[in-house]
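# Architecture at a glance
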Amino acid sequence: MSEIPAKATESEDPSEGARARAADGLASAVGGALAADGVQPGDAMWQSSPPGSIYDYIRVASFSIGPDGLVDQWSLRAEHLFGISAARAVGMDPIEAFIDPRHRERGMRKMAEILDGREWTGVVPFRMPKGAEGGECGHEGLAEVYVMPTRTEEGEKAAVCIVVDVRTLRSIETDLAASQAIFGQSPFGFLLIDADLRVRRANHRFASVFGGEPDDHRGKGVHDYLQRGEAERVAATLRRVLESGNSITDMHVTGFVPGSDERRHWSVNLYRVHSGSGRPIGIAWLGTDITSRRAAAREAAAARRNLALLNEAGARIGNSLDLETTARQLLDVVVPGFCDLATVDLYQGLLVGDETPPGLADGSAELRRVAFASAVSDAPFAGTGVPVSVGAVHHYPFNSPCADALRTARPQTVPGEDGGLVQSTLAVPMVAHDTVVGLVQFARTKGSEPFGDRDRDLAVELAARAAVCIDNARLYRREHERALILQRSLLPPGDPEASGLDIACRYLPGNANTGRPSEVGGDWFDVIELPGHRTALVVGDVMGRGLRAAVAMGELRTAVRTLAQLDIEPAEVLSQLDEIARGLGAPGGVQQATRAARRPREADLSEVYLATCVYAVYDSVTRRITFANAGHLPPVLVEPGEPALMLDVPPGMPLGVGGEPFEEVEVELPEGALLALYTDGLVESRDHPLDEGLQAFVSALSDPAQPLEDVCDHVLNTLDTHHGEDDIALLMARVQGLPTDSVGDWTLPREPRSVGRAREYARAQLLSWDMEPLVDTTELLVSELVTNALRYGEGEIRLRLLLDRTLVCEVWDSGLVQPRRRRARDTDEGGRGLQLVGLLSAAWGSRRTPRGKTVWFELPLPGGETKLTDPAEALLSLF
């Protein structure tokens, strides 16, 4: 309470009795209020106001005015309000000190009335005098003044003034209005909690949620609203805020409201409340219902999770073109992020390569379980029937939910069995391009959140993505197998044989060693027998992969065999192949490509086919081999007792580039030498550069004396051929030249007697070889060829007999005109010699040589599978 000057006495004003009675009534009311709070009125009348009273918030002061109109008493609160000490204030004229000069005249009149014994109440503007503490000189304020006349001990008239700061009252009024707005109009739940953690006041919003009127919640604690565990946590937080003064923001509280089983969520802000003197008196609780926000957040989190799952599925599923690998990738994505257990079943016909008809599949057809994943157990679950192990072939009963899902192409929900591990299972068909390729099952164990509509849609999307990848893998596997069949059909069947050579070869399609399907390449090799016990060795590689490369390889291989039969030089063979390769990509073929080469180069929309190739012709009689190279890797030669080395063969340009001639290199091979031709897949990969691979290949040929098959296996096992990035073709040949005693070679002068000598030489040589059954036929055919050389050829004549797997007879001369077989008429006397050669021999032909031409024929050896033709019958067939 404000202090009253001790010298003030009771007024003699007639109204004093009424004011006394009003004071008595106020005292009685205060006493009753205190008694309600357990305080006796008699005790309260003589005690000072406790901290936390109304006077802590309003600014009230008192002072007294003596008979002379000057201040004679100045209270401590007056010192605080006006900033002037009592020592200075006593003796001051309050009108002169605090009233603006404009209002002093009126103030003087009021002061005279007051000293005349009149009581007065009003609002007075004032200003701070000079020297005031805590305020600026001239600072204006507004005070409500209550002046009560009194008498001094000497009986002179005086006055007691009670001063209240009006602006502080207005501030309190604003604060009260704001408090009423919070409690009465705020959309948030608001509580005032005292130091005993009891509700002192609640607003209407809080009462509307928990029932009753705001006053009904007075005295309740958090245990009256929340379950035990949550209430203890909140109570501990309230105590911590009360003790530390640290506020709490966005504390999540969970509970239930009366009359509802729905779990509610609130966001609560807590802060400590202080009295006007700064003493902590309680805690303010501001709560917001965030149940719908939490539900929306869960929905958003689920949507983000599903989106992340779809993004992960897009990144991980389909990286492989293998059916089983794709199925496992799907399960790696969904377990455990989406479900606890999952399986993938694919139609058995799909896995064995059968075509799946478009449309909906039969749900009872055979399926194979290709993948299983579990976050809780390693054993396949029995959520939809009998457990099935990975790799087992099974089928679902026709009326089962899984069969229905396969049949209708719609997902089915299968509830879990009582006592089992699984709560529910989603059976989702895998549909790609209107074709059901299999079934995926997603299962969640008991205790997990059940599948919802959003989960169902996500499962369908995941299954559809995996189904498209599996269908692509199926189509790719089919095309790969077809291309591989085509490619293998174009390679030499079985083990090739050649005169004077021991041959071994290997072909590995791309990824054959890794078990992953891949596009076939254009690698090929060939061993072509040529006349005169010569052999053409070919290794090539069409750039690119897939069916296109395999077809181009087949065309080039066919062209090589055709050109080889023409018995032209290796460099000429590659030149012709270059024209053919350029024609493969041109719409008009080789001729169109040739004409286009003569025109100025314009925008070329044709498909480009490029290939590398090495073509070599080996002569078993001379043991000499002639190489021509079109951009291919160099051959490797291993001579007996010497380290392996790469032959220096000019690489030339790849086939299909055109415009550059090819060079030939002739090398004499010693007996027992080892020759290796190969493609880049053997010596190059992403992890091993070409130079490193070539060096490793040369080092792997350290023991060429082993059987060729063992040498091939050693090379493939030593080198890194398991990368599977490209096809591998390896052709190895060991030189076994034709023995000298298996060759008969004679030079005949250009005269008629040479025909008889040729027959004699041939007879004698055949008898020495113990080939008597071939004598008559050989004499007849040698006579025909030598006679033609005398009549149509030039220069001296050379006769050569070669004995190996067959008997070959060659007649050489310097003429350039090639013999041409024609059908003689019945009336013609000649023209039947070459017909006779064709009838009696297994094969015949002619080829150009650097010094003329060679006409040859070939006869099978006695005792072989091919029988000799009777000369008499052949002669009769001519007529």
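The structure contained in this document is the topic of the report that follows. Given the structure is predicted, the values throughout are model-derived calculations rather than measurements.

All right, on to the sheet that holds strand 26 (residues 728–735) then. Ordered in space as 17-26-25-22-23, the five strands form an open sheet in which the pairing is antiparallel. Here the strands that pair on one side only, and so sit at the sheet edges, are strand 17 (501–508) and strand 23 (645–646). Of the strand pairs in this sheet, strand 17 and strand 26 are connected by eight bridges, and their pairing is antiparallel. Looking across to strand 26, one finds that leucine 501 is bridged to valine 735. Across the sheet, helix 19 (residues 708–718) is in contact with strand 17, strand 25 (674–678) and strand 26; its angle to strand 17 comes to roughly 30 degrees.

Time to look at the packing of helix 10 (residues 291–316) against helix 11 (residues 323–334). It is the contact of helix 10 with helix 11, at a shortest axis distance of 10 Å, that shows an interaxial angle of 155 degrees. When the axis of helix 10 is compared with that of helix 11, the two are roughly antiparallel. As helix 10 packs across helix 11, the resulting crossing turns out to be right-handed. Between helix 10 and helix 11, the contacting residues are Leu309, Glu312, Ala313 and Arg316 on the first element and Gln329, Asp332 and Val333 on the second. A breakdown of the residues in the contact of helix 10 with helix 11 according to their chemical character gives three nonpolar, one polar and three charged.

With that settled, the discussion passes to the pairing of strand 30 (residues 843–849). A regular strand places its side chains so that they alternate between the two faces of the sheet. Both strand 30 and strand 31 (residues 852–860) contribute to a ladder of seven bridges, which runs antiparallel. Along strand 31, the bridge assignment pairs glycine 845 with tryptophan 856. Here strand 30 hands over to strand 31 after two residues, the two strands then running antiparallel side by side.

On to the environment of tryptophan 524. Following the sequence through the fold, tryptophan 524 ends up in strand 18 (residues 521–530). Note: C-alpha distance between tryptophan 524 and proline 492 (32 residues apart in sequence) is 9.1 Å.

One open sheet holds the five strands; their spatial order is 27-28-29-31-30, and the pairing between them is antiparallel. At either margin of the open sheet sits one strand with a lone partner, and together these are strand 27 (743–748) and strand 30. Ignoring strand direction, the axes of neighbouring strands in this sheet form an average angle of 15 degrees. Both strand 28 (residues 797–803) and strand 29 (residues 806–813) contribute to a ladder of six bridges, which runs antiparallel. Its bridge partner lying in strand 29, leucine 802 is registered against valine 808. Set on the sheet, helix 20 (residues 753–768) makes contact with strand 27, strand 28 and strand 29; between it and strand 27 the angle comes to about 165 degrees.

Turning next to the nonpolar core. Core analysis: the largest hydrophobic core is formed by 48 residues, its most contacted members being Leu330, Val334, Phe338, Val344, Met430 and Phe442. At nine residues, helix 14 (residues 453–490) tops the list of elements feeding residues into this core. Setting aside chain neighbours within four positions, we find valine 344 in contact with Ala327, Leu330, Leu331, Arg368, Arg369, Val370, Ala371, Met430, Leu439 and Val440.

A few words on the side chain of threonine 778. By secondary structure assignment, the location of threonine 778 is in helix 21 (residues 775–792). The class of threonine 778 is buried, set by a relative accessible area of 0%. There is a polar contact of 2.5 Å between the side chain of threonine 778 and the backbone oxygen of leucine 774. Setting aside chain neighbours within four positions, we find threonine 778 in contact with Ala762, Leu766, Leu807, Phe857 and Leu859.

Across all of its chains, the model carries 13 aromatic pairs by this definition. Ring geometry for tryptophan 74 versus phenylalanine 98: centroids 6.0 Å apart, planes at 5 degrees, classification stacked. One end of the pair, tryptophan 74, is in strand 2 (residues 71–74); the other, phenylalanine 98, is in helix 5 (residues 94–98), with 24 residues separating them in the sequence. Ring plane angle 45 degrees and centroid distance 5.8 Å describe the contact between phenylalanine 338 and phenylalanine 451, whose orientation is recorded as tilted. You can see phenylalanine 338 sitting in the loop between helix 11 and strand 11 (341–347) and its partner phenylalanine 451 sitting in the loop between strand 16 (435–445) and helix 14, a full 113 residues away along the chain. Taking the relative accessible area as the measure of exposure, phenylalanine 338 reaches 3% and is therefore buried. Residue phenylalanine 451 is classed as buried on the basis of its relative accessible area of 17%. One aromatic cluster is present, built from ring pairs that chain together Phe63, Trp74, Phe82, Phe98 and Phe126. Positioned over the ring face of phenylalanine 398 is arginine 407, at 4.0 Å from the centre of the ring.

Using the criterion set out here, one finds 38 salt bridges in the structure. Arginine 109 serves as the salt-bridge partner of glutamate 105, at 3.7 Å between the closest nitrogen and oxygen. Of the two residues, glutamate 105 and arginine 109 both sit in helix 6 (residues 104–115), four residues apart, roughly one turn of that helix. Look at arginine 109 and you get partly exposed, because its relative accessible area is 48%. Between aspartate 567 and arginine 534 there is a salt bridge, with the nearest N and O atoms lying 2.4 Å from each other. You can see aspartate 567 sitting in the loop between helix 15 (547–565) and helix 16 (570–584) and its partner arginine 534 sitting in strand 19 (residues 534–545), a full 33 residues away along the chain. Accessibility classification places aspartate 567 together with arginine 534 in one group, the buried group. Connected through shared salt-bridge partners, Arg534, Asp567, Arg800, Glu810 and Arg847 make up one network.

What follows covers a negative patch on the surface. On the surface, Asp68, Glu153, Glu154 and Glu156 cluster together into a negatively charged patch. Looking at where aspartate 68 falls in the secondary structure, it is placed in the loop between strand 1 (60–65) and strand 2. Look at aspartate 68 and you get exposed, because its relative accessible area is 54%.

The next point concerns the pairing of strand 20 (residues 611–619). In terms of burial, strand 20 is a largely internal element, nine of the nine residues being buried. Of the two faces of strand 20, both are covered, the one formed by Ala611, Cys613, Tyr615, Val617 and Asp619 as well as the one formed by Thr612, Val614, Ala616 and Tyr618. In terms of strand pairing, strand 20 meets strand 21 (residues 624–630) through seven bridges, oriented antiparallel. Within strand 21, the position partnered with valine 614 by the bridge is asparagine 629. As consecutive antiparallel partners, strand 20 and strand 21 are separated by four residues, and within that stretch arginine 623 has a phi angle of approximately 55 degrees, a positive value.

Procedures and definitions
- Residues numbered from 1 in each chain as written.
- Predicted model: local features only at pLDDT ≥ 70, side-chain atom pairs only at ≥ 80, totals over all residues.
- Heavy atoms only, no water.
- Pairing = 2+ DSSP bridges.
- Helix = DSSP H or I, 4+ residues; strand = E, 2+ residues; numbered from the N terminus.
- Contact = heavy atoms within 4.5 Å.
- Axes fitted to C-alpha atoms, helices over the stretch in contact; angles between N-to-C directions.
- Parallel < 35°, antiparallel > 145°, perpendicular 65-115°, else oblique.
- Left-handed = near helix turned anticlockwise from the far one by under 90°.
- Nonpolar A, V, L, I, M, F, W, Y, C, P; charged D, E, K, R; others polar.
- Core = buried A, V, L, I, M, F, W, Y, C linked by side-chain atoms within 4.5 Å.
- Buried < 20%, exposed > 50% of the residue type's maximum accessible area, 1.4 Å probe, protein only.
- Polar contact = N/O pair within 3.5 Å; in protein donor to acceptor, adjacent residues only side chain to side chain.
- Phe/Tyr/Trp six-rings, centres within 6.5 Å; stacked < 30°, edge-to-face > 60°.
- Lys NZ or Arg CZ within 6 Å of the ring centre and 35° of its normal.
- Salt bridge = Lys/Arg side-chain N within 4 Å of Asp/Glu carboxyl O.
- Patch = residues over 30% accessible without salt bridge, like charges linked within 9 Å, V, L, I, M, F, W, Y side chains within 5 Å.
- Areas by Shrake-Rupley, 256 points an atom, 1.4 Å probe, with all protein chains shown as cover.
- Lys, Arg positive; Asp, Glu negative; His and termini not counted.
- Charge placed at Lys NZ, Arg CZ, Asp CG, Glu CD.

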